[in-house]
Amino acid sequence: MLTARFRVLVAPGFVLALVLGLVWALAAPASADATAFWGYWQADGSKWAFAQTGPASAHPKDGSVEGWRFAKSSGNSGTPPRDAPDFGKVCGSTPEQAGAKRVAVVIDYGEAADAPAGAAPPAAKTACASVPKNATGSDVLAKVARPQADKSGLVCAIDAFGTCAAAAPSSSPSATAAPAGKKSTGSKAVTIVIGLILVLAAGGSMMAVRRRAKL
């Protein structure tokens, strides 16, 4: 009696575990399909920190380092430029000027896997921007590269490389956005599997009740 009852109670739980694993497998590609975008970074000592304000609102100080990286979002930490921030290495040979500030800039065009379709990422580059004291992060970038913004004001391409270089300017780059078709397919699949979970759970409960009634 105990053996029969144990079999009935364990089987539904085992099936549910398998189905939950399937849900995870179907949901995982949604994050993998995240759209690559240009991220704005600022030096925090010898490391990169994701900028807390947009480049148009940031006012880097003399001796600071700004970074740009085209990549898909990597969790909550993002994907910073691969070269470590080093003001001396980039701006060490640039003399100080009255009324100006020097800002080192690192531009990382990312990996081929994240590049827009048909595009190859250029080699990363560094440059020293000598700009007015009140210059913003946008001014600094425009001094050393050719940035392009979409209608929402987000930088979507640098030196003709990025999302707006391959698509209409109205498309806004997002760290978590996924292609509409793939996202819809994944959502439907997860919905179907959740329905199966409920059916199996209900069926397992009924089987257990009937078996206990017979015993």
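Residues numbered from 1 in each chain as written. Predicted model: local features only at pLDDT ≥ 70, side-chain atom pairs only at ≥ 80, totals over all residues. Heavy atoms only, no water.

Draft legend 1. Main features of the overall build of the protein. When helices and strands are tallied, the protein shows four helices and eight strands. Going residue by residue from the N terminus, the α and β elements of the protein occur as α-β-β-β-α-β-β-α-β-β-β-α. A total of 215 residues make up the protein; the buried ones form 33% of that total. In the protein, 65% of the contacts between residues at least 6 apart in sequence involve partners at least 24 apart. As displayed, the protein offers around 12,500 Å² of accessible surface, 61% of which is attributable to carbon and sulfur atoms. (Helix = DSSP H or I, 4+ residues; strand = E, 2+ residues; numbered from the N terminus. Buried < 20%, exposed > 50% of the residue type's maximum accessible area, 1.4 Å probe, protein only. Contact = heavy atoms within 4.5 Å. Areas by Shrake-Rupley, 256 points an atom, 1.4 Å probe, with all protein chains shown as cover.)

Draft legend 2. Region of interest: the pattern of salt bridges. As enumerated under the stated definition, the model contains five salt bridges in all. Across the pair Asp-108 and Arg-69 runs a salt bridge, and its minimum N-O distance is 3.9 Å. One end of the pair, Asp-108, is in strand β4 (residues 100-108); the other, Arg-69, is in strand β3 (residues 64-71), with 39 residues separating them in the sequence. One exposure class covers both Asp-108 and Arg-69, and it is buried. Residues Lys-125 and Asp-159 are paired through a salt bridge, measuring 3.1 Å at the closest nitrogen-oxygen approach. Of this pair, Lys-125 sits in strand β5 (residues 125-132) while Asp-159 sits in the loop between β7 (155-158) and β8 (161-162), and the two are 34 residues apart along the sequence. For Lys-125, a relative accessible area of 27% gives the class partly exposed. Bridged by salt links that share partners, the residues Asp-62, Glu-96 and Arg-102 form one connected network. (Salt bridge = Lys/Arg side-chain N within 4 Å of Asp/Glu carboxyl O.)

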